[in-house]
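# Commentary on secondary and tertiary structure
For reference, the chains in residue letters:
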Amino acid sequence: MWQKLYTWLDERLGLGDMYANLLDRPEPKGNWWNTLGSASLFLFILQGATGIFLTVYYTPSPDHAYDSITYIMNDVAFGWLIRGIHHWGASLMVLVVFIHMVRVFVTASYKYPRELTWLIGVGLLLLTLGMGFTGYLLPWHQMAYWATTVGTQIAGSVPFLGEFILKALRGGPDLSALTLQRFFSAHIWMLPALLAGLIGVHLYLIIRHGESHFPDEED
Amino acid sequence: MSGSHLSRRDFMKAATGAVGGVITAALGIPVIGFLIAPALREDKAGAPIAVGKLEDIPVGKFHPFSFTITKVNGWERTASNYGGFILRNSEAPDDILILSSRCTHLSCTVNWNESANAFLCPCHDAKFGPEGQVLDGPPPEPLGHFEYSVDDQGVLTIVPVELKSEA
Ligand code: HEM
Ligand code: FES
């Protein structure tokens, strides 16, 4: 029965080929530093899952954002856990992605033919920082409010375009309901979509090129 | 798995499966609790509500009344409107029928229609008689009713919990 179901699916989806190409690759000879990319992927999925659950209760409105988070923390079963994972996972993800990049730099793995993998990685780091920046505003408490005031003000110090950038980020000259709403939209839709897409390309390139040679005495 | 010898590969497969199972349970239980938490909260019955003075309520006629119950749902207070009809059968203060106006089909609000001598529901054409009994249409049971009491000042008070009526 299961065998038949599997054969049916395999004929159409090519599950066997997928397994061979994605998972049944030669055992990596690298070292533990090379697991940080997978750790970043895991954290992205974890943030995605916990984030989706947070949206069941979180409300991106100045009147209710903070109250809805208090509700998650105090009244929803395991709310403290889901939010806690998302909150600490966010910092951990920035850290892990950053160390992953440092490892690639130190082992000089960004060289031909992996320059594109590196460039896309830079995009992934920036997007992860963007997730942290937009997510930080969402609780709409004093700390979030002033952090975003300062952050958008810094972006506003760009010569010539500064004023426009500041207004585009805030959705107007001041921090308002518009700011909270557009940060929320960026945080749950736009940035995750970009991240997921770029992660896909990143992983494709990694499978295509295989693991880079670990530098030894001769290098 | 071949014979008594467990190959490295099979061991890894089994171990991966076991660890995966534990992680799934460790994540699954909190997540389900998180999602259904509001459904597990108990709905407390509200305090009795005064709906009028007997002297203001005519005898032998359906007198509409309404009340609002405010509840805390999550981070907001939600006000819901309820209503019904008071029928004083005679001057006696304990000869009163208080029906709910919530249709027992799918909760639309019924209205008393004098010429039909019935409560009519605008949603799916239900018809209830003066005692709340179903005369026509899809409702599975009669209109609900409220318990009441009258104090010495003649104030009529109801318990704001809709009770099922006998068919
Ligand atoms: C990709 C990595 C992600 C990072 C680095 C990240 C980062 C953050 C940060 C720093 C906060 C503020 C936490 C706090 O101060 O409590 C936050 C909150 C939030 N995030 Fe994310 N996030 C990510 C993915 C997602 C995704 C995919 C979703 C939804 C689809 C999501 C939904 C939310 C929501 C609803 C909040 C508000 C609740 C709260 O502040 O606790 N996040 N996020
Ligand atoms: S709700 Fe009244 S008839 Fe359907």
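For the structure itself, look to the data block above.
Here's a quick rundown of the structure. Just so it is clear, the structure is predicted and the values come from calculations on it, not from any experiment.

## Here's the deal with the coordination of the iron atom of ligand 1
For a metal with four donors in a tetrahedral arrangement, the ideal angle between donors is 109.5 degrees, while six donors in an octahedron ideally sit at 90 or 180 degrees. Residues and elements named next belong to chain A. The iron atom of ligand 1 binds to the protein through His86 (NE2) and His187 (NE2); the donor distances cover 2.0 Å. In this structure, the iron atom of ligand 1 is coordinated by six donor atoms arranged in octahedral fashion, with angles at the metal of 82 to 180°. Of this pair, His86 sits in helix α5 (residues 79–106) while His187 sits in helix α9 (residues 177–209), and the two are 101 residues apart along the sequence. For the pair His86 and His187, a shared accessibility class is recorded, and that class is buried.

## Thoughts on the sheet that holds strand β2 (residues 62–73) of chain B
All names here are of chain B. Taking strand neighbours across the sheet as the criterion, the three strands line up as β2-β3-β4 in an open arrangement whose pairing is antiparallel. Of all the strands in the sheet, just β2 and β4 (96–100) have a single pairing partner and so form its edges. Going from strand to strand, the sheet's axes swing by 30° on average, the running direction of each strand aside. As judged from the 12 bridges shared by β2 and strand β3 (residues 76–88), these two strands associate in the antiparallel manner. Across the sheet, the residue bridging to Ile69 is Ser80, located in β3.

## Describing the site of ligand 1
Residues and elements named next belong to chain A. The local shell around ligand 1 holds 24 residues, among which Arg83, His86, His87, Met131 and His187 are the closest. Arg83 places a polar side-chain atom, nitrogen or oxygen, 2.6 Å from an oxygen atom of ligand 1. The side chain of His86 places a nitrogen or oxygen atom 2.7 Å from a nitrogen atom of ligand 1. In a pocket analysis with a 2 Å cut-off to the grid points, ligand 1 is assigned to the second largest pocket. For the shell around ligand 1, the element with the highest residue contribution is helix α3 (residues 36–54), accounting for six residues. Looking at side-chain class alone, the shell around ligand 1 contains 14 nonpolar, nine polar and one charged residues.

Here is what the cut-offs are and how they apply
Residues numbered from 1 in each chain as written. Chains lettered and ligands numbered in written order. Predicted model: local features only at pLDDT ≥ 70, side-chain atom pairs only at ≥ 80, totals over all residues. Heavy atoms only, no water. Donors = N, O, S within 2.8 Å, 3.2 Å for Na, K, Ca; no water. Tetrahedral: all angles 85-135°; square planar, octahedral: opposite > 155°, others 65-115°. Helix = DSSP H or I, 4+ residues; strand = E, 2+ residues; numbered from the N terminus. Buried < 20%, exposed > 50% of the residue type's maximum accessible area, 1.4 Å probe, protein only. Pairing = 2+ DSSP bridges. Axes fitted to C-alpha atoms, helices over the stretch in contact; angles between N-to-C directions. Near = heavy atom within 4 Å. Polar contact = N/O pair within 3.5 Å; in protein donor to acceptor, adjacent residues only side chain to side chain. 1 Å grid on protein atoms, 1.4 Å probe; cavity = no way out; pocket = protein on both sides within 12 Å on 5 of 7 lines; lining within 4 Å. Sits in = over half its atoms within 2 Å of the grid points. Nonpolar A, V, L, I, M, F, W, Y, C, P; charged D, E, K, R; others polar.

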